[in-house]
2 protein chains.
Amino acid sequence: MDVRTLCLGALMGGEATGYEIRKMFEDGTFSHFQIASLGSIYPALTKLTQDGLVTFVEHEQENRPDKKIYQLTSEGRRSFLRTLLQTRPGEDRYRSDILFMLTFAEEMPLELTEALIDEFAARHQMMSQQIDPDKDDGTDAQGSRWHDEDGNPKPGCCFVAGLGQAMCDATLKFIRENKQGLLDQLKNYKANKS
Amino acid sequence: MDVRTLCLGALMGGEATGYEIRKMFEDGTFSHFQIASLGSIYPALTKLTQDGLVTFVEHEQENRPDKKIYQLTSEGRRSFLRTLLQTRPGEDRYRSDILFMLTFAEEMPLELTEALIDEFAARHQMMSQQIDPDKDDGTDAQGSRWHDEDGNPKPGCCFVAGLGQAMCDATLKFIRENKQGLLDQLKNYKANKS
DNA sequence: GACTGCATGTAACCGGTTACATGATTCG
DNA sequence: CGAATCATGTAACCGGTTACATGCAGTC
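Re the interface of chain A and chain B
Moving on, step 1. Taken together, the 68 residues of chain A in the interface contact 68 residues of chain B.
Moving on, step 2. Of the roughly 6700 Å² buried where chain A meets chain B, counting both sides, 69% is carbon and sulfur surface.
Moving on, step 3. Per-residue buried area on chain A facing chain B is highest for Arg95(A), Phe100(A) and Phe159(A); these three make up 12% of the total on that side.
Moving on, step 4. Seen at the junction of chain A and chain B, the total is six salt bridges.
Moving on, step 5. Between Glu107(B) and Arg77(A) there is a salt bridge, with its nearest N and O atoms 3.7 Å apart.
Moving on, step 6. Seen at the junction of chain A and chain B, the total is 28 residue pairs in polar contact (both at pLDDT 80 or more).
Moving on, step 7. At 19 residues, helix α7 (residues 155–193) of chain A tops the list of elements feeding residues into the side of chain A that touches chain B.
Moving on, step 8. Of the residues assigned to the side of chain A that touches chain B, the class counts are 39 nonpolar, 15 polar and 14 charged.
Moving on, step 9. Where strand β3 (residues 93–95) of chain A lies against strand β3 (residues 93–95) of chain B, three bridges are found, and the strand directions are antiparallel. Bridging from a neighbouring strand, Arg93(A) pairs with Arg95(B) of β3(B).

Re the packing of helix α1 (residues 3–11) of chain A against helix α4 (residues 74–86) of chain A
Residues and elements named next belong to chain A.
Moving on, step 1. At a closest axis distance of 10 Å, the pairing of α1 and α4 adopts a crossing angle of 115 degrees. Once α1 is placed against α4, the crossing between them reads as left-handed. Along the contact surface, α1 presents Thr5, Leu8 and Gly9, while α4 presents Gly76, Ser79, Phe80 and Thr83.
Moving on, step 2. Broken down by class, the residue content of the contact of α1 with α4 amounts to two nonpolar, five polar and no charged.

Details of the protein's contact with DNA strand C
Moving on, step 1. DNA strand C sits among 20 residues. The nearest are Tyr19(A), Tyr42(A), Lys67(A), Lys68(A) and Ser37(B).
Moving on, step 2. Atoms of DNA strand C within 4 Å of the protein belong to the sugar or the phosphate in 67% of instances, the rest to bases.
Moving on, step 3. Between DNA strand C and Ser40(B), the relevant distance is 3.4 Å, taken from a phosphate oxygen to a side-chain nitrogen or oxygen of the residue.
Moving on, step 4. Residue assignment for the surface near DNA strand C shows that the elements contributing at least two residues are α2 (18–26), α3 (38–50) and β2 (67–72) of chain A together with α3 (38–50) of chain B.

What counts and what doesn't
Residues numbered from 1 in each chain as written. Chains lettered and ligands numbered in written order. Predicted model: local features only at pLDDT ≥ 70, side-chain atom pairs only at ≥ 80, totals over all residues. Heavy atoms only, no water. Contact = heavy atoms within 4.5 Å. Buried area = accessible area lost by both parts, 1.4 Å probe. Salt bridge = Lys/Arg side-chain N within 4 Å of Asp/Glu carboxyl O. Polar contact = N/O pair within 3.5 Å; in protein donor to acceptor, adjacent residues only side chain to side chain. Helix = DSSP H or I, 4+ residues; strand = E, 2+ residues; numbered from the N terminus. Nonpolar A, V, L, I, M, F, W, Y, C, P; charged D, E, K, R; others polar. Pairing = 2+ DSSP bridges. Axes fitted to C-alpha atoms, helices over the stretch in contact; angles between N-to-C directions. Left-handed = near helix turned anticlockwise from the far one by under 90°. Near = heavy atom within 4 Å.

Put into structure tokens, the structure is as follows:
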């Protein structure tokens, strides 16, 4: 799934600037299962504009670059929906340096192992909080992206958010239950070696 | 974490061919949290050989390209350990086209939604089975990578495997408990719209 | 005073994927 | 008879990251 498609999807929830789209992938709605950086989003939006899939209105701002508020065109919407129906989803890929490093826990000092686990836990804790579908991104006047025009929560979003949270919670739970055990095993393991 | 480091890590468990290393990332030990394709592994091994971090012995085979069995040099081992101690682990990144698509469940036919969920579940089921630390890759004469020379299981590996499995199981559980609910909600949602 | 947030944009670079080339064997 | 498995290797290509450029406002 390329950045262009991701941007179209982001705009399905309503208008947004490039900067705001990045936030959806950094902090927001999509943060736990997709990523996209500004350096790829801006060119993507330019391309989409050329192709007639999005339009933007320029809002002048003092002391800042003009804000470009993007919106799907009806063709953009149709195009995205077509993609949705036709695309065979790519494989899920989860990459974690921390888990890779932890595979070699025997080879590092105990403190490092513990630090890595703690960091892993901290990241998941943060993710879990960011996902929370009830928080609803707060003050947004026109209603958040989790809800449609009538204020009904979107089932798809809730399901995906719930799933993300379940994964985070499971991770956290596992760490709570197994961290000390691992540390103890490592102590024994190292004692046996010497 | 680049492919070179990944290859060094893979060889920490003992000697292997490029083809076997790919398998560790495709099916095996590392499959649930790192990926690497042959097109990047072979060049990486060549580079590592040039740098003196790995060596290989060529085993002739009939009707096949010679098999190159790679092995860490002592410098390769030291270098990997240094990397392990010095590297700030990169962010975990989980990318899932399916979850992205499911965010827009309202916009697609119910059957597609269900198919996507089922596929998601099937993939995680498979992952869960692949991880299983007890299976121990079976017939391997010199013992699998989950165990050290004395046959003791490596705590780091077990921990990471367990964590992977906990995540898979949580995913599967969530789907079991919420799939039908989502489908029902979508039915209502669509009925209300029309 | 330094850093973060808002806000856009460009371009070099780089790493990895994909596809191709080769070829016997085994399984369904 | 086609597909998958074993087994290595090269190279074009492409997508995205990183870094740079610009600049003000607010906070620590």
